[in-house]
Amino acid sequence: LLLINEEDRAYAISHYGRRPDDIFVFRNGVNPSPLQPHQLTPGPPTVLFYGSWLERKGKSILVDTATRLAKAGVHLRWLLVGTGATEAVVLNDWPVHLHAAVEVKPHVKAEADDSIYQRASIFVLPSYYEGQPLTLLQAMESGRCVIASRCCGQLDIVQHGHNGFLFTPGDADELARLIALVVGDQDLRLKLGTQAKVDMASRRWPIVADEVVDRLEQFMHQRRSFG
């Protein structure tokens, strides 16, 4: 089996009786980015959400988090990219008093990624279900400070307090607290973003592609050996 995260691997072993040595958890990769962690610019920091505007992606948690932060006096810009849903549909889920702080880009081309991540100080991924999110990996390669839900492929990628933060899925209060923490502590935010970029050095696409090829070649060799 080729599986996309350790959570799926554990499920296959416990529910289907698969042998651990019959499973290969492959790694998704990143494209090299020239971006580096950066200082906050004047004005409210920008928080990036890059994904479909769906409940399973945590859209309600994101809106709840933004509302809590605004009420606490933490003023932010929210950049919502790749939503699929139109600006009108997305803004309908937000309180009217926050509309001016929200920018929606329903569709973007892959070559625009650097310009998207450049604008962000913080990347959030509040999903309930994921495989091994490419947007999260690319955010880390771009040196952004990432905050992701503690589940699925995120557990294989983000080490809490080392190269990003993890929060309990669905917990808007915890997500709001972590965002406020990194907004108020620039040294911490830069430290996490720097480590995230370092950790992505081993995930360039040629490297992770070779890992899959090597595993398949090993499997084919074993099959030939057993005749």
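What you see is a predicted model; the values in this text were computed from it and never measured. Along each chain, the written sequence defines residue order, and numbers are assigned to residues from 1. Confidence filtering applies because this is a predicted model: local features only for residues at pLDDT of at least 70, side-chain atom pairs given and counted only at 80 or more, and all residues used for totals across whole chains, interfaces and linings. Values reported for side chains reflect all heavy atoms of the structure, with hydrogen atoms and water molecules removed beforehand.

What follows deals with the overall build of the protein. Put simply, DSSP H or I for four residues or longer makes a helix, DSSP E for two residues or longer makes a strand, and each gets a number counted from the N terminus. Helices and strands together make up the secondary structure of the protein, namely nine helices and eight strands. As defined in this context, the radius of gyration uses C-alpha atoms, and a globule is described by 2.2 Å times the residue total to the power 0.38. In terms of overall size, the protein behaves like a compact globule, its C-alpha atoms giving a radius of gyration of 19 Å where 227 residues would be expected to give roughly 17 Å. Each of the three principal axes of the protein carries a C-alpha extent, and together these read 70 × 35 × 30 Å. We call a residue buried when its accessible area falls under 20% of the maximum for its residue type, exposed when it is over 50%, and partly exposed in between, using a 1.4 Å probe and counting protein chains only. By residue count, 44% of the 227 residues in the protein fall in the buried class. When checking whether two residues touch, look at their non-hydrogen atoms; a contact exists if any pair is within 4.5 Å. The long-range share in the protein, meaning contacts at least 24 apart out of those at least 6 apart in sequence, stands at 65%. Areas reported here follow the Shrake-Rupley algorithm with a probe of radius 1.4 Å; residue values treat only the protein chains shown as occluding. Counting only carbon and sulfur atoms, one obtains 56% of the accessible surface of the protein, whose full area is about 11400 Å².

A word on the packing of helix α7 (residues 172-184) against helix α8 (residues 186-199). Helix-helix packing: each pair is described by the crossing angle between the helix axes and the interaxial distance. Each axis is a line fitted through C-alpha atoms, taken for helices only over the stretch in contact, and angles between the N-to-C directions span 0 to 180 degrees. Between α7 and α8, the least distance of the axes is 5 Å, while the angle of their chain directions is 100°. When the axes of α7 and α8 are compared, the pair comes out roughly perpendicular. On α8, the residues touching L181, V182 and G184 of α7 are Q186, L188, R189 and L192. Amino acid classes used here: Ala, Val, Leu, Ile, Met, Phe, Trp, Tyr, Cys and Pro are nonpolar; Asp, Glu, Lys and Arg are charged; the rest, including Gly, are polar. Considered class by class, the residues forming the contact of α7 with α8 number four nonpolar, two polar and one charged. Each angle receives one of four descriptions, namely roughly parallel if under 35 degrees, roughly antiparallel if over 145, roughly perpendicular if within 65 to 115, and oblique otherwise.

The next point concerns the packing of aromatic side chains. Geometry of aromatic contacts follows a simple scheme: Phe, Tyr and Trp rings, the Trp one being its six-membered ring, pair when their centres are within 6.5 Å, and the pair is stacked under 30 degrees between planes, edge-to-face over 60, tilted otherwise. Under the definition given, this model contains six aromatic pairs. Measuring from ring centre to ring centre gives 5.9 Å for Y50 and Y117, while their planes differ by 40°; the resulting arrangement is tilted. Placement of the pair is Y50 in strand β3 (residues 46-50) and Y117 in helix α4 (residues 113-118), with a sequence separation of 67 residues. Per residue, the accessibility class of Y50 equals that of Y117, and both read buried.

So, about the packing of helix α2 (residues 59-71) against α7. Their axes nearest at 9 Å, the elements α2 and α7 cross at an angle of 55°. As summarised for this structure, α2 and α7 are arranged oblique, according to the angle between their axes. Our pair here, α2 against α7, has a crossing hand that is right-handed. Where α2 abuts α7, its residues I61, D64, T65, R68 and L69 lie against A172, D173, L175, A176, I179 and A180. Grouping the constituent residues of the contact of α2 with α7 by class yields seven nonpolar, one polar and three charged. For any pair of crossing helices, the crossing counts as left-handed if the nearer helix is rotated counterclockwise from the farther one by less than a right angle, and right-handed if it is rotated clockwise.

Further remarks concern helix α5 (residues 134-141). Judged by how many residues are buried, α5 sits mostly within the fold: seven of eight residues are covered. For α5, the full list of buried residues reads T135, L136, L137, Q138, A139, M140 and E141. In this structure, the buried residues of α5 make contact with β3, α4, β6 (122-125), β7 (145-149), α6 (154-157) and α8. Positive backbone phi, approximately 80°, marks G143, located one or two places after α5.

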